[in-house]
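A structural walkthrough
Listed here are the chains, written in short residue letters.
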Amino acid sequence: GPEFTAWPEFHNGAAAGLALAARTAGELTRAWIVFNRPREPSHAHAGFLMALGLTGHLRALTPTDLYRYLVQEHDATTLGVLVGTAAARRGTMDPDASKMCFLHLPTRHPAAFPEVE
């Protein structure tokens, strides 16, 4: 079924993103990333987003761009955006990235924190 191919598709997307980032040498702009967003979320695009974060290209996206990915409620896309953003912003103490991770990673919530919908 579809679950059987989900993670291989994620990894193929990540490999494609890493290869593209290596060939473009910093030419992946916000406009390019936003324009190439698919209509429907997919595991392949989620892996691609994670790869863009690992190579620093997700820094080009605005908090609103990232929010548009997160509201899709597609688990793999959420994972790709969160891990990618964390990697792209590592060491920066970026408050937007920190808030985004806090809101979307329940393990970071204190015990008395209300459930966020």
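Refer to the structure presented above.
Calculation rules
Residues numbered from 1 in each chain as written. Predicted model: local features only at pLDDT ≥ 70, side-chain atom pairs only at ≥ 80, totals over all residues. Heavy atoms only, no water. Salt bridge = Lys/Arg side-chain N within 4 Å of Asp/Glu carboxyl O. Helix = DSSP H or I, 4+ residues; strand = E, 2+ residues; numbered from the N terminus. Buried < 20%, exposed > 50% of the residue type's maximum accessible area, 1.4 Å probe, protein only. Arc of directions from axis to C-beta. Core = buried A, V, L, I, M, F, W, Y, C linked by side-chain atoms within 4.5 Å. Contact = heavy atoms within 4.5 Å.

Before going further, it helps to examine the pattern of salt bridges. A pair can form between side chains of opposite charge whenever their charged atoms are brought close. One pass over the structure, following the stated rule, counts three salt bridges. As a salt-bridge pair, arginine 30 and aspartate 65 come within 2.7 Å of each other at their nearest N and O atoms. Of this pair, arginine 30 sits in helix H2 (residues 30-35) while aspartate 65 sits in helix H4 (residues 63-70), and the two are 35 residues apart along the sequence. Owing to a relative accessible area of 35%, arginine 30 belongs among the partly exposed residues under this scheme. The exposure class assigned to aspartate 65 is buried, which follows from its relative accessible area of 4%.

The next thing to look at is H4. Three or more residues of H4 are buried, namely Asp65, Leu66, Tyr69 and Leu70. Taken around the axis of H4, the buried residues stretch over an arc of 140°, which confines them to a single face.

Bringing the nonpolar core into the picture now. Core analysis: the largest hydrophobic core is formed by 17 residues, its most contacted members being Leu52, Leu58, Leu61, Tyr69, Val81 and Met100. Breaking this core down by element, the ones donating at least two residues are helix H1 (2-24), helix H3 (43-54), H4, helix H5 (75-88) and helix H6 (95-104). If we skip the residues at most four places from it in the chain, leucine 58 touches Leu49, Leu52, Gly53, Val81, Gly84, Thr85, Ala88 and Arg89. Core analysis: the second largest hydrophobic core is formed by five residues, Phe10, Ala46, Met50 and Ala76 among them.

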